[in-house]
Amino acid sequence: MSEDIYKEIILDHYRNPRNKGSLSNAEISAQDNNPVCGDRLSIDIKLEDNVVSDIKFDGEGCAISQSSASILTEMLMGKTVDELSKFTKDELLEELGTPSLGPARIKCALLSLKVLKMGTYQYLGAELPSDSDN
Amino acid sequence: MSSDIFQDIKNDFPIFSNQINGKDFVYLDSAATTQKPNDVIDSVVHYYKNCNSNIHRGIYSISIEATELYEDARSNIGKFINAKSSHEIVFTRNATEAVNLVANTWASQNLKEGDSIILTEMEHHSNLVPWQILAKKLNLKLNFIEIQPDGELILDKLDNLFQENAKFLSLTHVSNVLGTINPIKDIISKAHEHGITTLVDAAQSVPHMPVDVQDLDSDFFVFSGHKMLGPSGIGVLHAKKTLLENMEPFLYGGDMISNVSLREAQWNDVPWKFEAGTPNIAGAIGLGKAVDYLNQIGMDVIHKHEQELYNYAIDRFSELKDFKIFGLENKHSTGGVISFSYSDFHPHDIATILDGESIAVRAGHHCAQPLMEKLGVPATTRASFYVYNDTSDIDKLFNGLQKVRSVLT
Ligand SMILES: Cc1ncc(COP(=O)(O)O)c(C=O)c1O
């Protein structure tokens, strides 16, 4: 763990977050805080025919949590709800290009995925699996 | 630094002979726990290699040696804080356990529904949560001495707080976030005028400055060995002997009894009455050695050293843009702790990038969430100093912070 985790893609999304903001009338909407680090993150998703037609995230926190959210929103555009519920942490981490985040920071990177899963499962009226990727 | 003692001091600490990520290790998290000198490590190894045995009951030589080492450590530690007698020193696992001991014994026995406990807004969770639980259980009130933005306690309302059924006051000597030294001698003396019993959380004072429990006149006084060069898993409760004698035990079992029949038991004398079961023998021995090591340097010399580092750091960091030290206006600081914010960089990012430079600092709420709320931030970055730090560590931190800016902007 070192500054190596601040890959160009992470710094790029940290400095210029994509899809930042919120959506009214979003079908999927969830938020979570991590009081320990003071990270706060919300995700809103609009669906059309069960497919992501618009997505926004909002929040405050470290470069890892915020850039990971920004990157995640780009990855999810056009996906079906079923694909959202099956989206894995490995897919996200691979895109971040930082497989070796270490236990201290991996939570930051996966906060966005956790919020996504909370919102998606709530939309589906299903229980969040306890072994889910958070 | 002014004193030559500190010149080669890193050589006494084997951890500094390791490189981490190919760089010299800069440890700036001593408020969390401290590194251990060879003397302490060797004393622990000596016990396990040469006289490992249970204490207080063996008739054979090594058990007698182990018992002597354990009890010598107790008197050593008693002298270190100027306790009236070594029998006022109870070994616990840490400061947290010592607070819980008092909450579950003296406080449970002596506080009644409607009584109030006074705390401050700067307490570590370990001197807050045990009182929250006790207050719920016994229907007690919790009242708080507030703090100013610079981290000093607001003491002019003390007389109000000390009226009204106030029976117990528990407060920290030194803040682990801001380094503020509270004027506890005055506060304790005022508390005693109102018949209030007091506990001092000395986890951040005993390691860093001369402390005299008789002068402070505290009733209960707690600290942790691992924050003062000692092993982890050993801590201390100091209490006035009459209090200890009138308290019920905390835990029950072997060692804490004098006589047991099938249906009842009598308690051992203090302090052993509070040390049920086989204690952390090696830990106590190691802590005794840590005290020797600190005494060799001198606590006043250590205190001065940290203040010099603090002043050097403040001077250096004033060159950094958007760098804010919390509690900087505060005149009563140990000098051992700097909590800061840096531009809008998140403390986790700061700490991770510094880690890449082999610099260990703390990022987070430092187990003091109510204080963070008061400061208006979810987290800070904290650098804390001890005997083995020098100005070169601060220079490296300075360079590291410049790197943080260059990576994140
Ligand atoms: C002021 C203060 N009190 C209590 C504690 C708790 O110490 P321990 O975890 O060793 O019980 C700490 C440790 O961080 C502290 O800084």
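All of these numbers come straight from a predicted model, not from anything done at the bench. (Residues numbered from 1 in each chain as written. Chains lettered and ligands numbered in written order. Predicted model: local features only at pLDDT ≥ 70, side-chain atom pairs only at ≥ 80, totals over all residues.)

**Topic: the environment of Ile-314 of chain B**
And then number 1: Relative to the elements of secondary structure, Ile-314 of chain B occurs in helix α10 (residues 299-317).
And then number 2: The class of Ile-314 of chain B is partly exposed, set by 15 C-beta atoms lying within 10 Å. (Helix = DSSP H or I, 4+ residues; strand = E, 2+ residues; numbered from the N terminus. Buried ≥ 20, exposed ≤ 12 C-beta atoms within 10 Å, placed from the backbone.)

**A closer look at the site of the ligand**
And then number 1: Taken together, 13 residues lie near the ligand, and Asn-94, Thr-96, His-124, Asn-176 and Ser-224 of chain B sit nearest.
And then number 2: Its residues placed into classes, the shell around the ligand shows 3 nonpolar, 9 polar and 1 charged. (Near = placed C-beta within 6 Å. Nonpolar A, V, L, I, M, F, W, Y, C, P; charged D, E, K, R; others polar.)

**Thoughts on the packing of helix α11 (residues 347-356) of chain B against helix α13 (residues 391-408) of chain B**
All names here are of chain B.
And then number 1: Between α11 and α13, the shortest axis-to-axis distance is 9 Å and the interhelical angle comes to 115 degrees. In terms of orientation, α11 lies roughly perpendicular with respect to α13. Seen along the crossing, α11 lies across α13 with a hand that is right-handed. Contacts from Asp-349, Ile-350, Ile-353 and Leu-354 of α11 reach α13 at Gly-400, Lys-403, Val-404, Val-407 and Leu-408.
And then number 2: Broken down by class, the residue content of the contact of α11 with α13 amounts to 6 nonpolar, 1 polar and 2 charged. (Axes fitted to C-alpha atoms, helices over the stretch in contact; angles between N-to-C directions. Parallel < 35°, antiparallel > 145°, perpendicular 65-115°, else oblique. Left-handed = near helix turned anticlockwise from the far one by under 90°. Contact = placed C-beta atoms within 7 Å.)

**Some remarks on the sheet that holds strand β14 (residues 337-342) of chain B**
Strands pair in a sheet through their backbones, by hydrogen bonds, and they do so in one of two ways: parallel or antiparallel.
Residues and elements named next belong to chain B.
And then number 1: Spatial strand order, β13-β14-β17-β16: 4 strands in an open sheet with antiparallel pairing. Two strands bound the open sheet, and with one partner strand each, they are β13 (323-325) and β16 (362-364). When strand polarity is set aside, the average angle formed by the axes of neighbouring strands in this sheet is 30 degrees.
And then number 2: In terms of strand pairing, β14 meets strand β17 (residues 380-384) through 4 bridges, oriented antiparallel. Bridge assignment links Val-337 to a residue of β17, and that residue is Ser-384. (Pairing = 2+ DSSP bridges.)

**As for the pairing of β14 of chain B**
For a regular strand, the rule is simple: side chains alternate between the two faces of the sheet.
Residue and element names in this part refer to chain B.
And then number 1: For β14, the tally of buried residues reaches 6 of 6 residues, placing the bulk of the element in the interior.
And then number 2: Going residue by residue along β14, you find Val-337, Ser-339 and Ser-341 tucked away on one face and Ile-338, Phe-340 and Tyr-342 tucked away on the opposite face as well.
And then number 3: As judged from the 3 bridges shared by β13 and β14, these two strands associate in the antiparallel manner. Note on β14: the bridge partner recorded for Lys-324 is Ser-341.

**Observations regarding the interface of chain A and chain B**
And then number 1: With 14 residues of chain A at the contact, the number on the chain B side is 14 residues.
And then number 2: Residues that form the side of chain A that touches chain B fall into these classes: 8 nonpolar, 3 polar and 3 charged.

**Observations regarding the sheet that holds strand β3 (residues 51-60) of chain A**
Residues and elements named next belong to chain A.
And then number 1: Across the sheet, 3 strands lie side by side as β1-β2-β3; this open sheet has antiparallel pairing. Each end of this open sheet is capped by a strand with a single partner; those strands are β1 (28-34) and β3. Taking each pair of neighbouring strands and ignoring which way they run, the sheet shows an average axis angle of 10 degrees.
And then number 2: As judged from the 9 bridges shared by strand β2 (residues 39-48) and β3, these two strands associate in the antiparallel manner. The partner of Leu-41 across the bridge, within β3, is Gly-59.
And then number 3: Running over the sheet, helix α2 (residues 63-76) touches β2 and β3 and is turned about 175 degrees from β3.

**What about the environment of Phe-274 of chain B?**
Residues and elements named next belong to chain B.
And then number 1: Assignment of secondary structure puts Phe-274 in the loop between β12 (265-267) and α9 (281-297).
And then number 2: Taking the number of C-beta atoms within 10 Å as the measure of exposure, Phe-274 has 24 and is therefore buried.
And then number 3: As for Phe-274 and Ala-73, which are separated by 201 residues in sequence, their C-alpha atoms are 17 Å apart.
And then number 4: Excluding residues within four positions of it along the chain, Phe-274 makes contact with Val-90, Leu-101, Pro-249, Phe-250 and Met-256.

**What about the packing of helix α4 (residues 89-96) of chain A against helix α5 (residues 103-124) of chain A?**
All names here are of chain A.
And then number 1: Where α4 contacts α5, the two axes come as close as 10 Å, and the packing angle between them is 130 degrees. Classified by the angle between their axes, α4 and α5 sit oblique to one another. For the pair α4 and α5, the crossing hand works out as right-handed. Contacts between α4 and α5 involve Lys-89, Leu-92, Leu-93 and Leu-96 from the former and Ala-109, Leu-110 and Leu-113 from the latter.
And then number 2: In terms of residue class, the contact of α4 with α5 is built from 6 nonpolar, no polar and 1 charged.

**Observations concerning α5 of chain A**
And then number 1: For α5 of chain A, which comprises 22 residues, the first-to-last C-alpha distance of 30 Å matches the rise-based estimate of 32 Å (1.5 Å per residue) to within 8%.
And then number 2: Maximum bend of α5 of chain A: about 45 degrees, positioned at Leu-110 of chain A. (Expected span 1.5 Å × (residues − 1). Bend = angle between axes of the 7 residues up to and from the residue.)

**Here we look at the domain arrangement of chain B**
Residue and element names in this part refer to chain B.
And then number 1: When the domains of chain B are assigned, the result is domain 1 (4-30 + 299-408) and domain 2 (41-295).
And then number 2: The centre of domain 1, based on its C-alpha atoms, is set 28 Å off from the matching centre of domain 2.
And then number 3: Each partner contributes to the interface: domain 1 provides 24 residues, whereas domain 2 provides 19 residues.
And then number 4: Elements represented by at least two residues in the side of domain 1 that touches domain 2 include exactly α10, β14, α12 (369-375) and β17. (Domains from an automatic or database assignment.)

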